[in-house]
Structure formats: C-alpha cells, structure tokens
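# Topology and contacts: notes
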Amino acid sequence: MAAYFSIILVIATLITGLIWLYDLVMLKPKRKAQLALALEANAQLDDDTQAGIMRESVLVENAHSVFPVIAFVMILRSFIYEPFQIPSGSMMPTLLVGDFILVEKFSYGLRDPVWRTKLIETGEPERGDVMVFKYPEDTRIDYIKRVVGLPGDTIIYNNKQLWIKPACNGSNQSECAEARLVARSEVNRGEFIQDGVPLIEYQEQLGAVQHHILINPMRPDAKAFFYEQPGLPLGEWIVPAGEYFVMGDNRDNSKDSRFWGFVPEANLVGKAVAIWISFEFDRQPSDWLPTWLPSGVRFNRIGGIV
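Report follows, based on the coordinates. (Residues numbered from 1 in each chain as written. Predicted model: local features only at pLDDT ≥ 70, side-chain atom pairs only at ≥ 80, totals over all residues. Heavy atoms only, no water.)

Looking now at the packing of aromatic side chains. What characterises a pair of aromatic rings is the spacing of the ring centres plus the angle enclosed by the ring planes. Within the structure shown, the criterion is met by 15 aromatic pairs. Arranged with centres 5.9 Å apart and planes meeting at 10°, the rings of W20 and F67 form a pair that is stacked. One end of the pair, W20, is in helix 1 (residues 5-41); the other, F67, is in helix 3 (residues 58-80), with 47 residues separating them in the sequence. Relative accessible area serves as the criterion here: at 24%, F67 is assigned to the partly exposed category. (Phe/Tyr/Trp six-rings, centres within 6.5 Å; stacked < 30°, edge-to-face > 60°. Helix = DSSP H or I, 4+ residues; strand = E, 2+ residues; numbered from the N terminus. Buried < 20%, exposed > 50% of the residue type's maximum accessible area, 1.4 Å probe, protein only.)

It is possible for side chains bearing opposite charge to pair when their charged atoms get close. For the coordinates displayed, the defined rule picks out 18 salt bridges. D23 is the partner of R31 in a salt bridge, and the nearest nitrogen-oxygen pair spans 2.8 Å. A single burial state applies to R31 and to D23, both of which are buried. E121 serves as the salt-bridge partner of K118, at 3.2 Å between the closest nitrogen and oxygen. Of the residues examined, K118 reaches a relative accessible area of 27% and is grouped as partly exposed. (Salt bridge = Lys/Arg side-chain N within 4 Å of Asp/Glu carboxyl O.)

The next point concerns the packing of helix 1 against helix 2 (residues 47-54). For any two helices packed against each other, one specifies the crossing angle of their axes together with the interaxial distance. For the pair helix 1 and helix 2, the least separation of the axes is 8 Å and the interaxial angle reads 150°. Classified by the interaxial angle, the pair formed by helix 1 and helix 2 is roughly antiparallel. In this structure, the crossing between helix 1 and helix 2 has a hand that is right-handed. Touching R31, K32, Q34, L35, A38 and L39 of helix 1 are Q50, I53 and M54, all from helix 2. When its residues are assigned to classes, the contact of helix 1 with helix 2 shows five nonpolar, two polar and two charged. (Axes fitted to C-alpha atoms, helices over the stretch in contact; angles between N-to-C directions. Parallel < 35°, antiparallel > 145°, perpendicular 65-115°, else oblique. Left-handed = near helix turned anticlockwise from the far one by under 90°. Contact = heavy atoms within 4.5 Å. Nonpolar A, V, L, I, M, F, W, Y, C, P; charged D, E, K, R; others polar.)

What follows covers a nonpolar patch on the surface. Residues V69, F72, V73, I75, L76, I80, Y81 and F106 make up a contiguous nonpolar surface patch of roughly 640 Å² in combined accessible area. Here the nonpolar patch gets six residues from one element, more than from any other, and that element is helix 3. Looking at the element boundaries, V73 is found in helix 3. (Patch = residues over 30% accessible without salt bridge, like charges linked within 9 Å, V, L, I, M, F, W, Y side chains within 5 Å. Areas by Shrake-Rupley, 256 points an atom, 1.4 Å probe, with all protein chains shown as cover.)

For the rest of this paragraph, the subject is the side chain of R258. Within the secondary structure, R258 sits in helix 4 (residues 257-260). Polar contacts involving the side chain of R258 include one to the main-chain carbonyl oxygen of R251, which spans 2.7 Å. Here D256 takes part through its side chain, which lies 2.8 Å from a polar atom of the side chain of R258. Not counting chain neighbours up to four residues away, the residues in contact with R258 comprise Y157, F225, F226, Y227, W237, F245, M247 and R251. (Polar contact = N/O pair within 3.5 Å; in protein donor to acceptor, adjacent residues only side chain to side chain.)

In structure tokens:
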C-alpha cells in the first residue's frame with residue numbers, strides 16, 4: 001500500500017480539485033442565476049431560502065473541504081519532507097527499529113510524485129549521507145543506507161575493513177594513487193548483541209561525516225555472496241557514472257550494495273535528516289497487549305541523524 005500512496009494521493013487531489021473547479025466554473029454561476037431569478041420574482045425571500053438555492057451538493061461540499069488538505073499533504077510529502085519508519089536493524093546503531101524519521105525530499109532534486117522524473121536539480125548525495133532510495137531489485141520497496149561510494153569511486157571491502165579510492169579528477173590527483181583505509185576506532189563492545197554475540201561498536205570517519213558502525217566479530221565475511229562486477233576481484237567495485245554504492249551501519253546484518261550492486265540516480269528518494277519520534281517494542285507474545293503496540297517512547301533519540 002505504501003508503494004502506491006503517492007499515486008493515490010495525486011489521484012485524490014486531482015479528482016477533488018476537478019470537482020471543485022467544475023462547481024466554481026459551471027455550477028456556481030447557475031446557482032447565482034437561479035437566485036437572481038428568484039429574487040426578481042420575490043424580493044422578500046428569507047435568508048434560509050436564499051442559502052438553500054446557493055447550497056452546494058454533498059459531493060461538491062466534501063470535495064471543497066477535502067481538496068486544500070490533501071493538496072497540502074501531497075505537496076509536503078512529494079517535494080519537502082516525508083516520514084519513514086525504520087523496519088529493521090541494518091542501520092544500527094545510527095537508527096533503531098521503531099525510529100520514525102523525516103526524509104528531506106528536495107536534497108537530491110525535485111521529482112514528480114508519479115513518474116519520479118527530476119524537475120529541478122537541487123543537489124547530489126555526498127559521502128556519509130544517510131539516504132532513502134528505491135531498492136533496485138524491487139522499486140516498490142524503500143531502503144535506507146549510508147552513501148559510501150560516489151560515481152567513479154573504487155570501493156574495497158575485505159576482512160570487515162573498508163577502503164575507498166575517490167574518483168580521479170583535476171582537483172584530487174594526489175588522492176588517486178591508491179585506495180585508502182577508512183579510519184575507525186573502537187568505542188565499546190557488548191551494548192548491542194546479535195544472536196547472543198556482543199557486537200563491536202566503532203567510530204568511523206566517512207568523508208566529512210563521523211558516525212558509528214557495528215561489527216560482529218564471530219560472523220565471517222559473506223564474500224561468496226558479494227555482487228561480482230565484471231573484470232574486478234570479488235569484494236572490489238568501481239561505482240558507475242550516475243550511480244552510488246551504499247552500506248548499512250550494521251555491517252554484518254545489512255543487505256546492501258555489497259550483495260546487489262549500485263543505486264541508480266533515478267532511484268533516489270531523499271536524505272534522512274531527523275528522528276521525529278522513536279518507539280520501543282519490547283512486548284512478548286504472552287503479554288495481553290499486542291506486540292505491535294509500542295511499549296515506550298525513546299525521547300533521547302529525537303533529533304538529528306549522524
């Protein structure tokens with residue numbers, strides 16, 4: 001349903017707007033003419049009778065009331081900000097299950113809400129951005145990951161270590177000699193646990209963005225399942241023009257570009273900029289309340305995203 005919400009919203013806005021416009025152009029003048037004739041025949045018509053002559057039909061009245069609301073929601077959601085819910089732990093510790101985030105829709109260009117054609121160029125993803133995009137293998141699904149590789153970059157992931165060789169251009173020839181290891185330092189271990197294994201939390205410097213990642217020391221690299229780019233060793237990729245390489249911050253629990261390839265520019269939705277509410281879901285199946293009801297609010301998580 002969520003995949004088609006934009007289309008439903010556009011159709012609803014169009015239908016109610018056309019009903020309101022038809023009434024304004026065609027029906028309302030007829031009601032005014034009918035009222036003028038009635039007043040000409042009887043100048044003493046009371047207010048209730050006049051109001052009855054000018055009264056809109058139920059359909060028009062509802063369209064008139066609903067149109068401004070859904071038009072505002074459509075514009076807000078399509079071009080400015082859209083709310084998303086985090087459904088999995090692939091972006092831990094940055095984003096947790098139960099976080100509700102705001103995605104800035106105009107960060108990577110304004111697009112029409114139906115065909116997603118870019119209307120106005122406003123910017124491009126930067127290394128380290130937390131980005132929402134249409135999953136390339138099924139564009140009905142929205143994914144959220146961190147931008148690691150920009151067009152032209154060489155990305156290497158081996159033994160849970162990340163190397164990046166930025167795309168070469170006239171201004172960064174000194175950086176083009178070889179891929180550089182992305183700096184990281186251990187923060188703690190044990191705060192997050194996966195399958196009974198304490199995860200190691202690192203602080204990583206990705207471009208200008210400093211953020212945290214999780215590594216499962218007991219889980220080997222799933223290198224055999226990596227996306228293999230023709231002509232390159234397994235675990236090495238060159239990002240094509242107009243595409244991006246993304247990874248989850250929970251490095252050993254994320255289905256990302258390492259496994260299915262690159263994100264085309266046409267699939268970009270926007271930049272995740274803030275957590276507007278965060279719910280805990282700690283209920284057990286044996287509890288009398290359903291497990292989908294929040295058990296609490298994590299007020300300390302409300303705010304910006306790193």
